[in-house]
Amino acid sequence: MSSAQCAPFEVTDVHAVEILDSRSRPTLSVSVTFADGSTARAGVPSGASTGSGEAVELRDHDSARYGGLGVLTAVTNINGEILAALGGRSFDTLADVDAALIALDGTANKSRLGANAIVGVSIATARALATGTGVELWQHLTPAGVAARLPIPHFNVVNGGAHAPNDLDFQEFMLAPIGAPSLPEAIRAGAETYAALKRLLHDKGYATGLGDEGGFAPDITRPEDVLALIVEAITSAGYTPGRDGIAIALDPAASEFYRDGAYHAAGQTLSSTEMITWYEHLAVDFPIWSIEDGLAENDENGWIELTQRLGARIQLVGDDNFVTNPAIITDAIAKNIATAALIKVNQIGTVTETLDALRICRDNGYAAMVSHRSGETEDTFIADLAVASGCGQLKTGAPARGERIAKYNRLLEIADRHPALPFGLR
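These numbers come from a predicted model, not from an experiment.

Student: So, the overall build of the protein: which residues are in play, and what are the values?
Tutor: If you tally the helices and strands in the protein, you get 13 helices and 15 strands. At 21 Å, the protein has a C-alpha radius of gyration in line with the 22 Å of a compact globule built from 426 residues. Each of the 426 residues in the protein was classed as buried or not, and the buried ones make up 59%. Considering only contacts in the protein between residues 6 or more positions apart, those separated by 24 or more positions represent 71%. Carbon and sulfur atoms make up 50% of the accessible area of the protein, which amounts to about 15,100 Å² in all. With 31 positive and 53 negative side-chain charges, the protein shows a spacing of 3 Å between the two charge centroids.

Student: Please provide a residue-by-residue account of the state of the cysteines, values included.
Tutor: As enumerated under the stated definition, the model contains zero disulfides in all. The closest cysteine sulfur to the non-disulfide-bonded C361 is located on C391, 9.0 Å from its own sulfur. What makes C361 buried here is its relative accessible area of 1%.

Student: Talk me through the sheet that holds strand β9 (residues 262–265); I want residue IDs and the actual numbers.
Tutor: On the basis of which strands lie adjacent, the open sheet formed by three strands has the order β8-β9-β10 and antiparallel pairing. The outermost strands of the open sheet, each flanked by one partner alone, are β8 (258–259) and β10 (268–270). Here two bridges tie β8 to β9, and the two strands are oriented antiparallel to one another. Opposite R259, over in β9, you have A262 as the bridge partner.

Student: Can you break down the packing of helix α7 (residues 272–285) against helix α8 (residues 300–310) residue by residue, with the values?
Tutor: Interhelical geometry of α7 versus α8 gives an angle of 30° and a closest axis separation of 10 Å. Of the possible angle classes, the one that applies to α7 and α8 is roughly parallel. Between α7 and α8 the crossing geometry is right-handed. The segment α7 lies against α8, with S272, T273, I276, T277, Y279 and E280 engaging G302, E305, L306, R309 and L310. Considering only residue class, the contact of α7 with α8 consists of four nonpolar, four polar and three charged.

So, how was this worked out
Residue numbers run consecutively from 1 along every chain, following the written order of its sequence. Reporting in this predicted model follows two pLDDT cut-offs: at least 70 for local features of residues, and 80 or more for side-chain atom pairs to be given and counted; totals over whole chains, interfaces and linings ignore these cut-offs and use all residues. The basis for every side-chain value is the complete set of heavy atoms in the structure, and neither hydrogens nor water enter the calculation. Helical segments are the DSSP runs of H or I of at least four residues, strand segments are the runs of E of at least two, and each set is numbered from the N terminus. For the radius of gyration, the atoms used are the C-alpha atoms, and the globule rule reads 2.2 Å times the number of residues raised to 0.38. Per-residue accessibility, obtained with a 1.4 Å probe over protein chains only, is compared with the maximum for each type, and a residue is labelled buried under 20%, exposed over 50%, and partly exposed between these values. Contact definition: two residues touch when any of their heavy atoms are within 4.5 Å. Per-residue and other accessible areas follow the Shrake-Rupley method at a 1.4 Å probe size, with only the shown protein chains counted as cover for residues. Charge assignment in this entry is limited to Lys and Arg as positive and Asp and Glu as negative, and neither His nor the chain termini are counted. Positions of charges follow a simple convention, taking NZ of Lys, CZ of Arg, CG of Asp or CD of Glu. Throughout, a disulfide means two cysteine sulfur atoms within 2.5 Å of one another. At least two bridges found by DSSP between two strands is the condition for calling them paired. Note on definitions: angles span 0 to 180 degrees between N-to-C directions of axes, and those axes are lines fitted to C-alpha atoms, for helices only across the stretch in contact. Roughly parallel covers angles under 35 degrees, roughly antiparallel covers those over 145, roughly perpendicular covers 65 to 115, and oblique covers all other angles. Each helix crossing is assigned a hand: it is left-handed if the near helix lies turned anticlockwise from the far helix by less than a right angle, otherwise right-handed if that turn is clockwise. Gly is placed with the polar residues, together with every amino acid not listed as nonpolar (Ala, Val, Leu, Ile, Met, Phe, Trp, Tyr, Cys and Pro) or charged (Asp, Glu, Lys and Arg).

Structure representation (structure tokens):
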């Protein structure tokens with residue numbers, strides 16, 4: 001059932017409260033209620049490594065509260081102006097609500113009311129619609145003609161960059177159990193390899209503290225050393241490194257170490273071409289199947305070269321340069337930039353625009369990976385979104401920390417209730 005197949009519904013209440021995310025920073029909890037009694041809430045995520053084109057997250061900038069990171073202004077916008085605009089109104093679809101929110105905000109980047117306010121209302125509305133129609137959220141979100149699919153989970157097991165207090169410039173090193181026969185077995189493989197990696201790091205004298213997304217944050221500088229440890233952990237856990245077992249995905253988040261026209265990583269200063277050559281060597285030496293944000297968001301010529309040289313062998317995912325924006329993704333496809341898009345609901349600000357971005361990828365044979373943010377809540381919306389889209393890929397951190405585990409556990413619930421759902425890459 002798609003979100004377009006709704007009976008008219010009347011919004012009677014919209015309410016927000018300031019809560020904390022997984023980094024102990026303020027975010028929003030938003031609830032939406034309909035006249036028929038259907039109600040749902042949403043926890044709003046927040047990023048650390050962000051693209052410059054993302055929809056704007058509204059913060060209070062009051063230094064007396066949470067170092068200026070409070071979201072009481074966004075709360076007030078929901079409980080005041082947004083409630084006044086939506087309350088007592090009837091709508092036919094989620095798209096109608098999202099369009100009303102975008103028009104009410106009146107800016108190109110949702111900066112007046114705040115993308116964090118708008119996305120919270122959008123997600124809560126989608127969930128309330130599913131509740132009211134008596135189906136699971138993923139079923140409600142699945143577009144007509146699209147085959148839902150359980151995704152390959154991508155476990156971020158080593159954190160660096162903006163996600164950890166170490167000297168590792170590459171931000172994420174992920175396990176991708178592509179060869180697993182089922183979603184439960186994929187999650188088991190990720191959890192067992194994560195445990196093996198912890199033992200290995202401990203035995204080698206590295207700290208096993210965690211970064212923002214639950215991955216370990218050892219004091220290692222060279223990506224090659226991290227990759228070697230991950231391969232050893234995969235083998236130690238009894239799995240095969242590679243696409244027949246557990247492959248590796250990288251998110252260097254290269255915008256974070258790009259300055260003055262060059263990349264500064266692991267003690268090196270590299271041009272775009274030299275970064276691409278480095279990735280080529282890493283892909284030969286290690287079972288890497290996907291690289292996200294391998295180059296900086298504004299390095300368009302570098303991205304074109306990266307795609308030409310590696311696109312046929314490795315999935316190349318755009319994140320900071322695409323920011324889940326349908327128009328930007330469309331332009332990138334035309335320019336042969338990357339082969340996949342990362343999908344983050346709060347980057348663009350509404351569920352409808354997110355579904356449109358996924359549709360554009362699907363229609364153009366472009367891959368997509370649904371993603372969490374470094375600042376998360378226990379909300380599991382993205383697990384349902386990944387299944388509904390049929391994209392076959394989800395990244396939501398390590399198999400650790402409650403806000404990450406909640407998403408994996410939601411996938412396990414869906415798999416148990418719907419054993420006929422296919423699993424794996426699209």
